[in-house]
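Here is how the chains run, residue by residue.
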Amino acid sequence: MVDNLESNYDCSNAGGDLQELQQQLAGLQNAELDEQAQQTVNRLENQMRFIKNKCDIRP
């Protein structure tokens, strides 16, 4: 799991990291979420946005 994303993030890892984050997110989105799970979903979405912005990846 991608834990620390910083301004010096290596974009050569973006493909694998985004895939991992998407898989984790998919596993949570179909479940009824408690507050902690919703925070995890938010964190995953934020990490994906950071990587896409940092590495100039468009949807």
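Source: prediction; values computed, not measured. The numbering scheme is per chain: residues are counted from 1 as the chain's sequence reads. In view of the model being predicted, local features appear only for residues whose pLDDT reaches at least 70, and side-chain atom pairs are presented and counted only at 80 or more, with totals across whole chains, interfaces and linings using the full set of residues. Side-chain metrics rest on all non-hydrogen atoms present in the structure, leaving aside hydrogens and water.

Asker: Please clarify how the overall build of the protein should be interpreted in this entry.
Answerer: On a plain count of helices and strands, the protein comes out with 2 helices and 0 strands. The rule is simple: take the accessible area with a 1.4 Å probe, protein chains only, and divide by the maximum for that residue type; under 20% is buried, over 50% is exposed, in between is partly exposed. Expressed as a percentage of the 59 residues in the protein, the buried residues total 24%. In this description, contact between two residues means that some pair of their heavy atoms is separated by no more than 4.5 Å. Pairs at least 24 apart in sequence give 62% of the contacts found in the protein among residues at least 6 apart. In this tally, Lys and Arg are treated as positive and Asp and Glu as negative; His is ignored, and so are the chain termini. Charged side chains are reduced to one point each, which is NZ for Lys, CZ for Arg, CG for Asp and CD for Glu. Of the charged side chains in the protein, 5 are positive and 10 negative, and the gap between their average positions amounts to 9 Å. Helix and strand labels come from DSSP, where a helix needs a run of H or I of at least four residues and a strand needs a run of E of at least two; each type is numbered from the N terminus.

Asker: In this structure, what is going on with the packing of helix H1 (residues 14–29) against helix H2 (residues 35–54)? I would like to understand it.
Answerer: Two quantities define a packed helix pair, namely the angle between the helix axes and the distance between the axes. To define axes, lines are fitted to C-alpha atoms, for helices over the stretch in contact only, and angles between the resulting N-to-C directions are given on a 0 to 180 degree scale. Interaxial distance between H1 and H2 falls to 10 Å at its minimum, and their mutual angle equals 155 degrees. Put simply, H1 runs roughly antiparallel to H2. Of the two possible hands of crossing, H1 and H2 adopt the one that is left-handed. Here H1 contributes Ala 14, Asp 17, Leu 18, Leu 21, Gln 22, Gln 24, Leu 25, Leu 28 and Gln 29 to the contact with H2, which in turn contributes Thr 40, Val 41, Leu 44, Glu 45, Gln 47, Met 48, Ile 51 and Lys 52. Ten residues, namely Ala, Val, Leu, Ile, Met, Phe, Trp, Tyr, Cys and Pro, are considered nonpolar, four, namely Asp, Glu, Lys and Arg, are considered charged, and the remaining ones, Gly among them, are considered polar. Of the residues assigned to the contact of H1 with H2, the class counts are 9 nonpolar, 5 polar and 3 charged. Working rule for angles: under 35 degrees goes down as roughly parallel, over 145 as roughly antiparallel, 65 to 115 as roughly perpendicular, anything else as oblique. For any helix crossing, the convention is left-handed if the near helix is rotated counterclockwise from the far helix by under a right angle, and right-handed if that rotation is clockwise.

Read these as spatial facts, not as claims about activity.
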